[in-house]
Amino acid sequence: QAQQPPPAASAPVQTSETTATVPTLSQATEITIASATPVPTTQPPVSPTAIPCDLVKFIQDGTIPDNKKMDPGAVFNKTWRLQNAGSCAWTSSYGLVYDGDNILNAPAFTPISSGTVPPGANIDITVSLTAPGTGGVYRQNFKLVNASGNKFALGDGSKPFWAQIEVALPGG
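Computed from a predicted model, the values in this text were never measured in an experiment.

### Observations regarding the state of the cysteines
Then, in step 1: Taken as a whole and assessed by the stated rule, the structure comprises one disulfide.
Then, in step 2: Between the sulfur atoms of cysteine 53 and its disulfide partner cysteine 88 the distance amounts to 1.9 Å. Measuring the twist about the S-S bond at about -125°, one finds the cysteine 53-cysteine 88 disulfide to be left-handed. Taken together, the residues span a long stretch of sequence, with cysteine 53 in the segment before β1 (56-61) and cysteine 88 in the loop between β3 (75-84) and β4 (95-99) at a distance of 35 residues.
Then, in step 3: Its relative accessible area of 31% is what places cysteine 53 among the partly exposed residues.
Then, in step 4: Note on cysteine 88: relative accessible area 25%, which makes it partly exposed.

### Considerations on the environment of isoleucine 125
Then, in step 1: Mapped onto the secondary structure, isoleucine 125 falls in strand β6 (residues 122-130).
Then, in step 2: Among the residues examined, isoleucine 125 registers a relative accessible area of 1% and is labelled buried.
Then, in step 3: With 43 residues separating them in the primary sequence, isoleucine 125 and leucine 82 have C-alpha atoms 7.4 Å apart.
Then, in step 4: Residues in contact with isoleucine 125, not counting those within four places in the same chain, are Lys78, Thr79, Trp80, Leu82, Leu96, Ile112 and Leu144.

### What about the pairing of β6?
Then, in step 1: Of the two faces of β6, the one lined by Ile123, Ile125, Val127 and Leu129 is fully buried and the one lined by Asn122, Asp124, Thr126, Ser128 and Thr130 carries no buried residue.
Then, in step 2: Where β3 and β6 come together, nine bridges link them in antiparallel fashion. Directly across from arginine 81, in β6, lies its bridge partner aspartate 124.

### As for the side chain of asparagine 141
Then, in step 1: Among the secondary structure elements, asparagine 141 is positioned in strand β7 (residues 136-145).
Then, in step 2: Looking at asparagine 141, its side chain comes within polar contact range of the side chain of arginine 139, at 3.0 Å.
Then, in step 3: Excluding residues that lie within four positions of it along the chain, asparagine 141 makes contacts with Val97, Tyr98, Asp99, Pro160, Phe161 and Trp162.

### Observations regarding the environment of isoleucine 123
Then, in step 1: Counting through the fold element by element, isoleucine 123 comes out in strand β6.
Then, in step 2: It is 7.9 Å that separates the C-alpha atoms of isoleucine 123 and asparagine 84, two residues lying 39 residues apart in sequence.
Then, in step 3: Apart from residues lying up to four places away in sequence, isoleucine 123 is in contact with Trp80, Arg81, Leu82, Trp90, Ile112, Ser113 and Val117.

### Quick look at the pairing of strand β9 (residues 161-167)
Each regular strand displays side chains that alternate between the two surfaces of the sheet.
Then, in step 1: Most of β9 is tucked away, with five of its seven residues classed as buried.
Then, in step 2: Pairing analysis gives three bridges linking strand β2 (residues 68-70) to β9, with the strands arranged parallel. The residue bridging lysine 69 from the neighbouring strand is glutamate 166, located in β9.
Then, in step 3: Two elements, β7 and β9, share seven bridges in a ladder whose sense is antiparallel. Paired with glutamine 140 across the strands is alanine 163, a residue of β9.

### Some words on the packing of aromatic side chains
Then, in step 1: With the rule as written, the count across this model stands at five aromatic pairs.
Then, in step 2: For the pair tryptophan 80 and phenylalanine 161, a centre-to-centre distance of 5.1 Å together with 75° between the ring planes defines the contact as edge-to-face. Here tryptophan 80, found in strand β3, pairs with phenylalanine 161, found in strand β9; they are 81 residues apart in sequence, far enough to count as distant.
Then, in step 3: We classify tryptophan 80 as buried; its relative accessible area is 0%.
Then, in step 4: Taking the relative accessible area as the measure of exposure, phenylalanine 161 reaches 2% and is therefore buried.
Then, in step 5: Here the aromatic cluster, defined as three or more aromatic residues joined through ring pairs, consists of Trp80, Phe142 and Phe161.

### So, the sheet that holds β3
As a general point, the strands of a sheet are linked pairwise by backbone hydrogen bonds and lie either parallel or antiparallel.
Then, in step 1: Strand order in the open sheet formed by three strands is β1-β3-β6, with antiparallel pairing between adjacent strands. At either end of the open sheet lies a strand with only one pairing partner, and these are β1 and β6. Sheet twist, expressed as the average angle between the axes of neighbouring strands with direction ignored, equals 35°.

Definitions and limits used
- One numbering rule holds for all chains: residues counted from 1, following each sequence as written.
- In view of the model being predicted, local features appear only for residues whose pLDDT reaches at least 70, and side-chain atom pairs are presented and counted only at 80 or more, with totals across whole chains, interfaces and linings using the full set of residues.
- Processing note: side-chain calculations cover all non-hydrogen atoms of the structure and skip hydrogens and water entirely.
- Any two cysteine sulfur atoms within 2.5 Å of one another count as a disulfide.
- Numbering of helices and strands runs from the N terminus, with a helix taken as a DSSP run of H or I at least four residues long and a strand as a DSSP run of E at least two residues long.
- Only protein chains enter the accessibility calculation, which uses a 1.4 Å probe; a residue is then buried when its area is under 20% of its type maximum, exposed when over 50%, and partly exposed in between.
- In this description, contact between two residues means that some pair of their heavy atoms is separated by no more than 4.5 Å.
- In this scheme, strands are said to pair when DSSP sees at least two bridges between them.
- Polar contacts here mean pairs of N or O atoms no more than 3.5 Å apart (in protein, one a potential hydrogen donor and the other a potential acceptor; neighbouring residues in sequence count only if both atoms are side-chain atoms).
- Any two rings among Phe, Tyr and Trp, with Trp reduced to its six-membered ring, count as a pair given centres within 6.5 Å; such a pair is stacked if its planes are under 30 degrees apart, edge-to-face if over 60, and tilted if neither.
- Simply put, an axis is a line fit to the C-alpha atoms, just over the touching stretch for a helix, and the angle between two N-to-C directions goes from 0 to 180 degrees.

Below, the structure is given as structure tokens:
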């Protein structure tokens, strides 16, 4: 066995212990990271679009379809089924009026009801008309009028509904 040489004689050595802390993951400084999570905001409630007071919706022709052949001077009744699509009831003061030239001899005002037509209800409206004495295709536009005299019609309230006939001359 080999022997180690005896330690050399030296002056006493003083030692000191220094403890150093080396950061590890478990000792890391806590870092706060701001999150980009959106904060819910309160949206104002969506209010439904207001329904106009006076609005009409076409449901169907009741009589005399478009382009019906008529004799010159024939008197006929045109009926439409319409719906009160507005938010106000139609009273007996509401009526049917022609819009534009009066080519089918329509009355100036025809009451639409003797009672009340509530919103959402359908009503049949009839007007007496007369075919012109000459051949051709004729279209008479109509609108409704409220108690104040304001006209209203289909779509945005400005589109008329109509009676359209064809007058056929004998032998032609």
